[in-house]
Structure formats: structure tokens, C-alpha cells
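A structural walkthrough
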Amino acid sequence: MPSDDPVDRSASPSVDETVDPPPAFVEQANVADESVYDEFAADWPDCWARAGDLLDWDREYDAVLGGEGPPFRWFDGGELNASYNCLDRHVESGRKNQVALTWEGRLGESRTYSYLELYREVNEFAAALRDLGVEEDDVVTLYLPMIPELPIAMLACARIGAPHSVVFAGFSADALATRMDDADSEYLVTCDGYYRRGAPVHQKSKADNAAIGLDHDVTTVVVDRLGDGTPLTDGEHDYDQLVGTHRGATVEPVSRAATDQLFLIYTSGTTGEPTGVRHTTGGYLAHVAWTARSVLDVKPADTYWCSADIGWITGHSYTVYAPLALGTTTMLYEGTPDYPEKDRVWELIERNAVDVFYTAPTAIRAFMKWGEKHPDRHDLSSLRLLGTVGEPINPRAWKWYHEHIGNGECPVVDTWWQTETGGMMVTTLPGVDRMKPGAAGRPLPGIGAEVVDGDGEPVDPGESGYLVLTDPWPGMPLSMVQDEDWFAARGSTRPSLDRFDWAYFTEDGATVDDDGYVTLLGRVDDVLNVSGHRFGTTEIESAIADVDGVAEAAVVAGPHDLKGEAVYAYVSLADGADRAEIRTLVDEAVEAAIGPIAVPDVVVFTPDLPKTRSGKVMRRLLESVARGEDLGDTSALRNPEVVGELESTLDDD
Ligand code: WTA
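Residues numbered from 1 in each chain as written. Predicted model: local features only at pLDDT ≥ 70, side-chain atom pairs only at ≥ 80, totals over all residues. Heavy atoms only, no water.

Focus: the overall build of the protein chain
Scanning the protein chain for helices and strands turns up 20 helices and 31 strands. Over its C-alpha atoms the protein chain spans a radius of gyration of 24 Å, differing by no more than 12% from the 26 Å that the globule rule assigns to 653 residues. With respect to the principal axes defined by its C-alpha atoms, the protein chain has extents near 70 × 60 × 55 Å. A burial count over the protein chain gives 61% of its 653 residues as buried. For the protein chain, long-range pairs separated by at least 24 residues make up 71% of all intrachain contacts whose partners lie at least 6 apart in sequence. Across the protein chain, the centroid of the 51 positively charged side chains sits 4 Å from that of the 115 negatively charged ones. (Helix = DSSP H or I, 4+ residues; strand = E, 2+ residues; numbered from the N terminus. Rg over C-alpha atoms; globule rule 2.2 N^0.38 Å. Buried < 20%, exposed > 50% of the residue type's maximum accessible area, 1.4 Å probe, protein only. Contact = heavy atoms within 4.5 Å. Lys, Arg positive; Asp, Glu negative; His and termini not counted. Charge placed at Lys NZ, Arg CZ, Asp CG, Glu CD.)

Quick notes on the confidence of the model for the protein chain
Per-residue pLDDT for the protein chain has a mean of 91; in total, 95% of the residues score no lower than 70. The low-confidence segment residues 1–14, where pLDDT is below 50, has 36 contacts with residues more than four positions distant or belonging to other chains. Of the regions scoring below 50 in pLDDT, residues 488–492 engages in four contacts with residues more than four places distant in sequence or in other chains. (pLDDT = per-residue confidence, 0-100.)

Some remarks on the pairing of strand β31 (residues 602–605)
Residues of β31 alternate between two faces, with V602 and V604 on one and V603 and F605 on the opposite face, all of them buried. Of the pairings in the sheet, the one linking strand β30 (residues 564–573) to β31 comprises four bridges and is parallel in character. Note on β31: the bridge partner recorded for Y568 is V602. Once the chain exits β30 it traverses helix α18 (residues 579–593) before rejoining the sheet at β31, and the crossover so formed is right-handed. (Pairing = 2+ DSSP bridges. Right-handed = clockwise from strand over helix to strand, strands pointing away.)

A word on the site of the ligand
Lining the immediate environment of the ligand, one finds 17 residues, of which D414, T415, T419, D508 and R534 sit closest. Within the contact set of the ligand, a nitrogen atom lies 3.3 Å away from a backbone nitrogen or oxygen of E391. In this structure, a nitrogen atom belonging to the ligand sits 2.8 Å away from a main-chain N or O atom of T415. When the free accessible area of the ligand is taken as 520 Å², the share hidden by the protein chains comes to 97%. Breaking the shell around the ligand down by element, the ones donating at least two residues are α11 (313–325), β20 (412–415) and β26 (518–523). In terms of residue class, the shell around the ligand is made up of six nonpolar, six polar and five charged. (Near = heavy atom within 4 Å. Polar contact = N/O pair within 3.5 Å; in protein donor to acceptor, adjacent residues only side chain to side chain. Areas by Shrake-Rupley, 256 points an atom, 1.4 Å probe, with all protein chains shown as cover. Nonpolar A, V, L, I, M, F, W, Y, C, P; charged D, E, K, R; others polar.)

Examining a negative patch on the surface
A cluster of acidic residues, D181, D182, D184, E186, D215, D217 and E273, forms a negative patch at the surface. Relative to the helices and strands, D182 is located in helix α7 (residues 173–182). Classification of D182 as exposed rests on a relative accessible area of 52%. (Patch = residues over 30% accessible without salt bridge, like charges linked within 9 Å, V, L, I, M, F, W, Y side chains within 5 Å. Salt bridge = Lys/Arg side-chain N within 4 Å of Asp/Glu carboxyl O.)

Rendered as C-alpha cells:
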């Protein structure tokens, strides 16, 4: 490993025990034969036809993978429509009365949509969007909480070939404006407000503020979520009224090339600005459908609940597109897990007889803290499989989940993937593989992944290295499909990839064991993972640095029992600035620039930031300070005296 080894910063969990797939599960699993690994390996890339075959194509593809790549053209020549695949074909195949979407609202309300009902409303809203002027390839921004209108709007966009850009509802006006501006998006679907822990949040005023900052006009559709009517101005339309005037309308699904864009989603990278990741129609949909079927074991008769907010990639792939493509019942929950009571999640699972539950380790750690008395009060016997995503799950949380939620009988899949990968990449097949609490698993069939050292050579079992994806995959984003040099500008610490014809560095550190199971060690770039959500340290720093009175700021990840990582901000002040006042301003600035979720947990004021002789802020050292680790020799610093002060400040905290 390179000398400033960034990977070695967290001890790998000990993966000393394995759990076999329960026979009762294996018996009914969608994928239960180990041969799938060999079959995929022997027949790559054509093996991925198994994923393509889960979809209905308007025009059959000529090749599973076209082009020697890049560009890589998955399902080359194929044409399809994602909304057709998620709706029409189920309506046509006799499942029109099956529940497609079941929604649980924040105030205890619930609503269900059969496939026919969902199909109808999607058609009506698609017709309305067209009437508002939305054309194929226009980007429509969706700034909505977890209400049915969000997936409906996504599918309506997909129907007319207009890529959607969903912006997490908790993001600020500034964050919304940045994303709309970057995408040149002239259409926005939002709502008047929504309830958070019983109190209304005014979403529309955030949207209004965002629009002020844009230099183009915006046509806005407003969903009346609070139910008290919203005064609308020019260029604004009421959702219900639009759907009402298009009642009964149908819109022919637009045939899109497999490599046409289905949507874009912004994520944090190492630059100060969020990056738009554009996903394809064919490869993406095939990838998420195949993985939901083989890893989450989703079946049409299931009630399936992925608790991720649709504002993030997990919600796109595994709350909306995959389950609907597979024709199952997907559940949407608007509320928080502890409101009105800490047993809310278990009550919902019991009431809806949920079969498959997919959530984040951060939620599991909170459930653990609240205690098993909450799940114990409920009948969770409907559950067949449990999944996690978004961050490493420590073995203790894994075992708690397995035992207290799964009653020791449900396999737990720990799924590693990223916004960029579109769908799952490294995990276990629950009907085939043994589970190892703490390790995600092997690369899925058809997926190439290796853990390498700085020279790009495979590391020995147990040694830490970098996780690299070594083959293209169907869910790869358009930027990677099209652009050979996609990576050139990214990340400063990266392994040499010269050994590979093509490879993608994930920016994650990892170890691999003798069985090929990968254990993730966290990001090696300047991206934080707070409660499973990605934030670039530079994005947060630039918000803080804008505060009057702040001289300089550096943001790093610190430890947090529940959230996985916490935001630690080290701030040096201009002369005469008042700490208490600045602390408030810092919080407000981050909330305004990004949203409440990125507000620092800890702000440390320091006369100076530790710097190298060339003047670079030593982030790794700040991370060690945040973790209370031994700092070793700091004499190479330009200003070593600052370190002692930092440590003592944190001790007082
Ligand atoms: C982390 C979320 C360990 C990882 C789907 C990755 C994980 C980043 C896991 C992507 C997991 C995701 N174990 N770490 N099972 N899943 N990560 O783009 O650092 O929001 O690079 O996608 O989350 O986060 P993103």
C-alpha cells in the first residue's frame, strides 16, 4: 500500500463465523443453484441476457454488449420503455388488480394503487406533462417527499422519454437550484409541504427560492400534500387539477434505445459540486430487475419494502424501478421510524405482511439502541429475507437484525453498490451463498471486482486495498458508457489500473478473504457517509467558508454510534469573531447550502489548521484527531504546535 495508506484507517471487522442459507429459504429461492456463478463466467457478457430477458423489448437487442468499449452499449440495438415494463405489461398479463404500490403516510393515512390504477394515473400525468410542453429528453426535476405522486411522476417522465432528476426533499433551496441549473431543467414537480414528526415543512417556499436563483423560467406542478390548497402564480399548476383534466388519457410509451437516458441523479464526489450521474434505460433496468430477483428474491406475490428515500439511488432502483419491473407490490413509507412510536416499522411490517425488507445499517443501529422490545411486540413472521445497503454493517448489528427481526430464519444480504453502479454489485445470493456477518460477499455472477494495492496488484487475503470493478456491467452510467477518461479527473489517491483493459475505481477501501468475500472499509476519497448518504467534504467546507468571520474550514468524518460517520468541522476564525455566534452561523450556512442532514455534529475551533509544508490541509490527521487516535510523528507539519491544541479542544467537547 502507498505510505499515506488511507485505507488502513479502520480495523476490519472479524469475519469469523458463517451462516448457511436456511433450507426452507433455499427451497423457494429464485436463484438456488451455485452453478449460476460458473455459467455467468463461462458466457460473459452474453450471460447478461438473463437480465435482459426479464424485460419486454419493443425491438429486441442485436447484442448483449455491443462495442469493444468504451463506449459500451448494453443491449445494443434494443428499444424499450421503462414505464411500459413497470406497468402496461403487468396490466396486460392479467395482474391489473394486484396492488402495485401501497403507501403509508406520515399521519397514519394509507393508500393503495393497483397496477391498473397506477397505469392510469401515470398516463394521465404523462399527458399533462406533454401538454405543459415537456418533450423527449427534457429534464424534469422532481422535488417531492415519499408520496405516491413521486413514483407516478417518475414513471410519467419515463413514459414520454423525459429524464427525471429527483432531488431529495430534505435538500435546501440552494441545492435544488444548483441541480436544476446544472441539468438545464425547466420543469419542476413539487408540493406545498409535508409533515415531519407531525409538523408541516414548507417545501414550496424552498422551491420558490430556488426558482429565483435560476436564469431560466420554470414551469411548476404543485401537489397539494397538506390538503389546504396552495395559491398558485403564473407558470404554476395544481397536480390534481392537471390529472383531473386529463382523466382517461393514454399516452403511447415512447420507445427508447437501450442506451438512452432514463434519469439522472446527483451525488457527491470529490469536487465541490454534486455530479449528475446519468443512467440508461435498458442496461439499468435489466440490472436492477435481475439483482432484485436474485439477491432480494423478490416475487410478484410479495409485499416488498425498501425503506430508502426515493431521493437517493437506492429508492430509484429498489423502491421504484426494480420491484415494479418485476410486478410485485412495493411499499412506500413517508414517515420516520420512531414516529409516533419506536415500533412503527415493525407495526407496518406486521400490518402489511411484508415479505422482504431492505434498509440501511444506520436504521438497524437505531433499532438496536431502542431495544428488541419494540419488534418483539409484533408478529414479523411474514418476513422471508432481510437486506442492508449504504454503508458497512458491523457484525453485531448484522446479528441483531438476523436474530431479532429475522428470527434467525431470514437470510440477510449485505449489498454493496453505488449511485454510479445503478444496482447491486458485491453481495451474497441468499439461496446459494453462506453469509458472513460483516462481509458483503463475493462479486455477483457476471460482475468483475478485485481488491488491489496501489500498483493495481491483487492484495493477499486480509490485507487492505482498493475495490476496483474490472468488467463493465449493465447498470453502468452513461458517462462511463461513453467516456473513456471518465476517471481521469477523479480522486487523488487511486491505484494504478494499467494492468486492466478497463477498470473502474470505486473509491472504496476493502479487504478480501480466502473465500473471495469482500469486506468494505469505507471511502478513501473525501466523501463522507452520514447515515448511508454521501456528502463531499468540499461541499460542506465551502458552505462554512462563506460564513463571515470564518478564516478557513476543513471537514472530515468522525465516529458516530448511529450514523456511522459524523460531520466534524475544524474551523479557524478571523480575528475578533465570536465562537458561539459563528457556531450558529455555520449550522445555518450548511443547512441553507445543502440541508439539515449535512449540518456538522461537531465544530472544533482552532487557531490554525494542520498543514503540510506545501500548505495542504492534513485531513488524515484531522480524521485521526476526530477518532481520538494516536497521531504518531507530526514533525513533518508546517505547524505541529496546532495538533496539541486540537486534541485538547476535542477532549473538552
Ligand atoms: C458505501 C448507495 C459498505 C460505499 C447504494 C459506497 C457500502 C457508497 C455498502 C455509495 C455496503 C454502499 N457496505 N459500504 N453494503 N453499500 N456503501 O452512491 O462507500 O449513496 O461507495 O449508493 O456507500 O453510496 P451511494
